[in-house]
Amino acid sequence: MRYGYFDDEKREYVITRPDTPLPWINYLGKENYFALISNTAGGYSFYKDARLRRLTRYRYNDVPSDSNGRYIYIRDETSGRFWSPTWQPVRLYLDEFKCRHGLGYTTILSSKFDIKTQIRYFVPPGEDLEIWDLSLTNARPDTAHLHVFSAIEFALWNALEDATNFQRNLSIGEVEIEENFILHKTEYRERRDHFAYFACSGVIVGYDTQRGSFLGRDRGWENPIAVEEGASRNSFAQGWAPIGSLQASIHLEPNKTERLIVVLGYQQNPRDQKFDPPESQNVNKNLVKPTIENYLRPSTVDLAFDELCKEWDRSLQIFQVETPDEHTNRMVNTWNQYQCMVNFNLSRSASYFESGISRGIGFRDSNQDLLGVIHMIPERARERILDLAATQLEDGGAFHQYQPLTKQGNVEIGTNFNDDPLWLVLAASAYLKETRDWDVLDELVPFENIVGSEGPLYMHLQRSIDYTLERLGPHGLPLIGRADWNDCLNLNTFSTEPDESFQTAGITDGKVAESVFIAGLFILAAEEMVQIASIRGRGQEAKEYREAAQRMEAAVLKHGWDGEWFLRAYDHFGKKVGSHSCQEGQIFIEPQGVCIMAGIGLEKGSAQRALDSVGKRLATEHGILLHQPAYTSYQTRLGEITSYPPGYKENAGVFCHTNPWIMIAEALLGNGDRAMDYYLRINPSAREHLSEVHRCEPYVYAQMIAGRDAPTFGEAKNSWLTGTAAWNYVAITQWILGIRPTYQGLCISPVLPNDWPGFSVKRKFQGVTYHIEATRIRPGNEVRLRVEGDLLPGVIVPFPPQGTSDVNVEVTLL
Ligand code: GLC
Ligand code: GLC
């Protein structure tokens with residue numbers, strides 16, 4: 001069953017009813033100001049940091065669900081009836097309803113009592129504000145007399161304090177009221193220089209800033225007393241719960257359309273110009289007023305929207321594909337790239353499953369997210385790589401997370417997730433291949449953000465490698481630390497107390513528990529360092545990295561192979577994890593993916609054996625499971641992984657992030673059919689027809705799909721913010737379609753399903769547009785390249801002479 005459809009031409013997903021299985025959301029903003037918005041206008045907004053600069057309030061896990069948002073009430077002054085054109089929060093049945101989620105905007109269209117409404121929500125490029133662009137059309141025979149109430153609830157900035165510290169909160173709220181805007185200035189009197197504003201165009205006849213006055217006693221957002229009676233209270237908030245609500249009056253002739261524009265924004269004043277007059281406590285509004293006036297004008301709004309669409313168009317033009325499969329086309333051309341950008345911006349901080357409070361920017365997460373966006377935003381990728389490197393410790397280890405606003409490592413979660421540093425090498429090398437910006441390696445970057453500790457980025461990468469080499473266990477495999485990629489495989493924690501963190505409790509300095517996953521990852525990273533060092537003329541270092549990779553490979557073959565697949569780990573007692581000899585958790589997906597990607601066992605058949613085992617034991621119709629059999633009871637020696645009920649999350653769920661590793665491995669072995677098959681099992685568009693089972697958005701990947709041990713097998717959770725986005729993008733574009741940047745040029749080496757007749761791709765790479773036409777002559781993966789008609793040896797199109805703008809490549813597959 002479907003709840004909408006893809007409008008591929010407009011690059012929108014059109015939701016045709018408000019009651020999707022879960023709120024289906026979108027994101028607005030891609031620089032500093034961000035907003036989450038659901039198909040019924042739920043969600044919240046923040047500036048840069050979802051924890052420290054929350055503009056509006058949102059109650060997670062609330063009932064009814066998703067009932068805080070950016071709301072409009074329309075009241076018919078003749079009948080007294082009122083409704084929400086976005087369905088929430090009034091939830092009065094609408095005669096027509098459509099929500100169009102597009103790239104950086106959401107438009108909700110509806111009709112009730114013959115009043116048609118369209119609201120387009122977006123963040124203008126470069127601005128710290130959001131627009132609600134509302135059009136009302138009267139389809140009645142007579143003039144409609146309407147009042148439009150807008151409403152938001154302000155958060156008192158720090159979202160954690162806002163949700164917990166009520167003895168203070170309920171006394172600190174402060175606002176100012178101007179003619180057509182409300183200003184939220186809680187804590188501005190002291191250390192904050194920023195405030196929020198809420199403005200509306202049109203004829204304003206009333207306002208409210210105190211939630212209790214607007215809603216009335218014992219009422220919720222579904223029937224505020226002010227709306228019911230058609231009369232704002234003109235309340236002035238001091239303490240309690242400041243809100244913004246403006247009441248506009250409209251007289252709409254038959255068949256006429258009117259536009260109202262609402263602006264919610266964030267403004268920071270220079271410290272020495274906070275107040276006006278300077279000795280007062282009044283916010284200086286001189287700097288913000290021109291922005292407000294400007295954006296209340298429809299012409300400005302139209303221009304900004306146009307610019308937003310153009311920006312996306314430019315970004316997406318860098319890689320466009322046409323294949324015989326519509327799910328591939330739509331994900332690669334639009335939605336997967338879009339999701340990659342959202343992940344880049346927000347890491348794992350704010351979604352409908354991540355509260356914006358507990359996690360900032362994850363070190364391993366963001367390094368992987370980079371793999372999906374470097375081609376679109378190389379400058380921002382560069383900055384992110386340097387920011388991440390700056391949270392590295394001198395010993396090469398890294399803070400597991402940092403806050404985006406302060407860029408300081410998060411002390412509570414700390415360090416010693418032993419895979420972390422290696423991801424930096426993968427991100428940096430992907431950046432170098434895309435840009436050949438070799439200067440970045442000389443960029444001076446501090447350790448732990450300590451001034452004076454700077455070393456070149458290249459040194460950071462070296463320390464990443466050393467970090468692993470200095471932490472090898474009894475089998476010569478990398479020690480796991482608190483956890484590797486799988487945050488829940490906690491082999492050194494032994495947690496028995498309910499309130500402690502699985503990751504940070506217990507001994508962190510385990511000298512026995514080893515990870516085969518990190519071993520594979522290490523080889524991948526070390527091989528990248530071999531290439532970087534050689535190109536930079538550091539032959540000796542290249543040789544050392546190569547030898548280190550070879551030693552690691554030998555250790556994996558000797559101690560990390562279980563007979564039919566790669567082992568997962570050795571625990572604190574030196575016992576195997578992920579072996580046929582275990583009772584539960586006999587085979588894990590992660591080492592199969594990463595060890596084969598690292599090239600282990602490709603020639604001697606063990607890679608193929610491992611993939612066959614994955615196919616037999618882990619693959620399901622809803623994706624590939626993390627491990628099998630699921631753990632049925634809690635085991636302190638394994639940690640959080642055994643805490644989940646079987647089939648969920650890390651306990652044998654389909655943890656989608658890992659699936660593309662298997663697709664890549666299949667492609668490496670030349671199995672295009674299998675790679676594509678796995679790709680389509682979790683491709684959200686290919687699962688659209690299962691929406692009542694899958695339940696999350698059909699246009700983005702979710703972190704997890706419940707595994708076959710769960711009663712809700714096939715149900716997705718934790719949509720949007722997941723490494724799944726970047727890795728699927730890499731798997732389909734670089735390994736199945738086979739188009740990947742290298743230091744020598746653009747590699748084109750597809751491994752396709754046998755029944756694909758071919759595909760075409762347009763790829764912009766270092767200022768040149770490659771027009772690639774692939775045609776299959778017969779089944780197989782042999783590739784023949786013709787560049788501008790000339791046959792080329794190998795699979796890499798070398799860089800063309802300076803000044804070339806377009807290159808035509810014919811690819812023949814046989
Ligand atoms: C979450 C984390 C990620 C981790 C994964 C597996 O998605 O954000 O860092 O690798 O879970 O535990
Ligand atoms: C765990 C989650 C995992 C996540 C980790 C982050 O509870 O299962 O996915 O990576 O927390 O701390």
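Below or above, wherever it landed, is the structure these notes cover. Since this is a predicted model, take the numbers as computed values, not measurements. (Residues numbered from 1 in each chain as written. Chains lettered and ligands numbered in written order. Predicted model: local features only at pLDDT ≥ 70, side-chain atom pairs only at ≥ 80, totals over all residues. Heavy atoms only, no water.)

**Focus: the overall build of the chain**
- Check the secondary structure of the chain and you find 19 helices and 42 strands.
- Relative to its length of 814 residues, the chain is compact, with a C-alpha radius of gyration of 28 Å against a globular reference of 28 Å.
- Projected onto its principal axes, the C-alpha coordinates of the chain cover approximately 80 × 60 × 55 Å.
- Of all 814 residues assigned to the chain, the portion counted as buried reaches 63%.
- Nonlocal contacts in the chain, meaning residues at least 24 apart in sequence, comprise 68% of its contacts between residues at least 6 apart.
- In the form shown here, the chain has an accessible surface area of approximately 28800 Å², with 48% of it arising from carbon and sulfur atoms. (Helix = DSSP H or I, 4+ residues; strand = E, 2+ residues; numbered from the N terminus. Rg over C-alpha atoms; globule rule 2.2 N^0.38 Å. Buried < 20%, exposed > 50% of the residue type's maximum accessible area, 1.4 Å probe, protein only. Contact = heavy atoms within 4.5 Å. Areas by Shrake-Rupley, 256 points an atom, 1.4 Å probe, with all protein chains shown as cover.)

**Re helix 12 (residues 516-535)**
- A rise of 1.5 Å per residue sets the reference length of helix 12, with its 20 residues, at 28 Å; its end C-alpha atoms lie 29 Å apart and thus fit the reference within 8%.
- Here helix 12 lies mainly inside the structure; 16 of its 20 residues are buried.
- With a side-chain oxygen lying 3.2 Å from the backbone nitrogen of F517, the N-terminal cap of helix 12 falls on S515.
- Following helix 12 by one or two positions, G537 has its phi on the positive side, about 75°. (Expected span 1.5 Å × (residues − 1). Polar contact = N/O pair within 3.5 Å; in protein donor to acceptor, adjacent residues only side chain to side chain.)

**Here's the deal with the pattern of salt bridges**
- For the structure shown, the criterion picks out 64 salt bridges.
- Of the charged contacts in the structure, one is a salt bridge between E153 and R211, with a shortest N-O distance of 2.6 Å. Taken together, the residues span a long stretch of sequence, with E153 in strand 13 (residues 144-157) and R211 in helix 3 (residues 211-215) at a distance of 58 residues.
- Judged by relative accessible area, E153 falls into the buried class, the value being 4%.
- A relative accessible area of 27% places R211 in the partly exposed class.
- Note that R471 is salt-bridged to D395, the shortest N-O span being 3.2 Å. (Salt bridge = Lys/Arg side-chain N within 4 Å of Asp/Glu carboxyl O.)

**Digging into the sheet that holds strand 34 (residues 716-719)**
- The strand order 32-33-34 describes an open sheet built from three strands, whose pairing is antiparallel. A single partner strand is all that each edge strand has here, and the edge strands are strand 32 (654-655) and strand 34.
- Of the pairings in the sheet, the one linking strand 33 (residues 702-705) to strand 34 comprises three bridges and is antiparallel in character. Among the inter-strand pairings, I705 is bridged to a residue of strand 34, identified as A716. (Pairing = 2+ DSSP bridges.)

**A closer look at the environment of L611**
- One can find L611 in helix 15 (residues 606-618).
- On the basis of relative accessible area, L611 is assigned to the buried category, the value being 0%.
- Sequence-wise, L611 and L669 are 58 residues apart; in three dimensions their C-alpha atoms are separated by 9.5 Å.
- Apart from residues lying up to four places away in sequence, L611 is in contact with I596, I662, A665, E666, L669 and R674.

**Describing the sheet that holds strand 2 (residues 12-15)**
- Read from one edge of the open sheet, ten strands run 1-2-9-10-11-12-19-16-15-14, paired in antiparallel fashion. At either end of the open sheet lies a strand with only one pairing partner, and these are strand 1 (4-7) and strand 14 (175-177). On average, each strand axis in the sheet is inclined to that of its neighbour by 15°, with strand direction left out of account.
- Here seven bridges tie strand 9 (residues 96-102) to strand 10 (residues 105-112), and the two strands are oriented antiparallel to one another. By the bridge assignment for strand 10, G102 is matched with Y105. (Axes fitted to C-alpha atoms, helices over the stretch in contact; angles between N-to-C directions.)

**Section: the site of ligand 2**
- Close to ligand 2 lie R359, D487, C488, E640, Y644, K649, E650, F655 and Q703, which account for all nearby residues.
- Take E650: an N or O atom from its side chain is 2.7 Å from an oxygen atom of ligand 2.
- Protein chains shield 80% of the accessible area of ligand 2, which is 310 Å² for the free molecule.
- The residue inventory of the shell around ligand 2, partitioned by class, reads three nonpolar, one polar and five charged. (Near = heavy atom within 4 Å. Nonpolar A, V, L, I, M, F, W, Y, C, P; charged D, E, K, R; others polar.)

**Things to note about the site of ligand 1**
- Every residue lining ligand 1 is accounted for by R348, R359, R364, D365, W485, N486, D487, E650, F655 and Q703.
- Contact between ligand 1 and W485: an oxygen atom at 2.5 Å from a main-chain N or O atom of the residue.
- Within the side chain of Q703, an N or O atom sits 2.9 Å from an oxygen atom of ligand 1.
- For ligand 1, whose free accessible area comes to 310 Å², the fraction covered by protein is 97%.
- Residues belonging to the shell around ligand 1 are distributed by class as follows: two nonpolar, two polar and six charged.

**Re the pairing of strand 36 (residues 745-748)**
- Inspection of the sheet shows strand 35 (residues 739-741) paired to strand 36 by three bridges, in the antiparallel sense. By the bridge assignment, P741 is partnered in strand 36 with L746.
- A loop of three residues connects strand 35 with strand 36, the two strands running antiparallel in sequence.
- Sheet topology note: the strand 36/strand 41 (residues 796-798) ladder contains three bridges and is antiparallel. Paired with G745 across the two strands is P798, which belongs to strand 41.

**Describing the pairing of strand 11 (residues 115-122)**
- Bridging between strand 10 and strand 11 involves eight bridges; their strand directions are antiparallel. By the bridge assignment for strand 11, T106 is matched with Y121.
- With antiparallel pairing between neighbouring strands as the criterion, strand 10 and strand 11 make up a hairpin whose turn holds two residues, including F113 at a positive phi of roughly 50°.
- Bridging between strand 11 and strand 12 (residues 129-138) involves eight bridges; their strand directions are antiparallel. The partner of Q118 across the bridge, within strand 12, is S135.
- The hairpin formed by strand 11 and strand 12 contains six residues between the paired strands, and G126 there has a positive phi angle of roughly 80°.

**Observations regarding a nonpolar patch on the surface**
- Taken together, the side chains of F166, L170 and W240 define a hydrophobic patch exposed on the protein surface, amounting to about 330 Å² of accessible area.
- Examined against the element boundaries, W240 turns out to sit in the loop between helix 4 (225-229) and strand 18 (242-252).
- For W240, a relative accessible area of 57% puts it in the exposed group. (Patch = residues over 30% accessible without salt bridge, like charges linked within 9 Å, V, L, I, M, F, W, Y side chains within 5 Å.)

**Concerning the environment of R120**
- Note that R120 resides in strand 11.
- Taking the C-alpha atoms as reference, R120 lies 29 Å from D369; in sequence the two are 249 residues apart.
- Apart from the residues lying within four places of it in its own chain, the contact partners of R120 are Y105, T106, T107, I131, W132, D133 and F305.

**Observations concerning the packing of aromatic side chains**
- Enumeration over the complete set of coordinates arrives at 40 aromatic pairs.
- Seen from their ring centres, Y188 and F195 are 5.9 Å apart, and the 80° between their planes marks the pair as edge-to-face. Just as Y188 is buried, F195 falls in that class too.
- Taking 6.3 Å as the distance between ring centres and 45° as the angle between the ring planes, the aromatic pair formed by F214 and W221 counts as tilted.
- Its relative accessible area of 0% is what places F214 among the buried residues.
- A cation over a ring is seen here: R81 above F113, with NZ or CZ 4.1 Å from the ring centre.
- We note K274 situated over the ring of Y188; from NZ or CZ to the ring centre the distance is 4.9 Å. (Phe/Tyr/Trp six-rings, centres within 6.5 Å; stacked < 30°, edge-to-face > 60°. Lys NZ or Arg CZ within 6 Å of the ring centre and 35° of its normal.)

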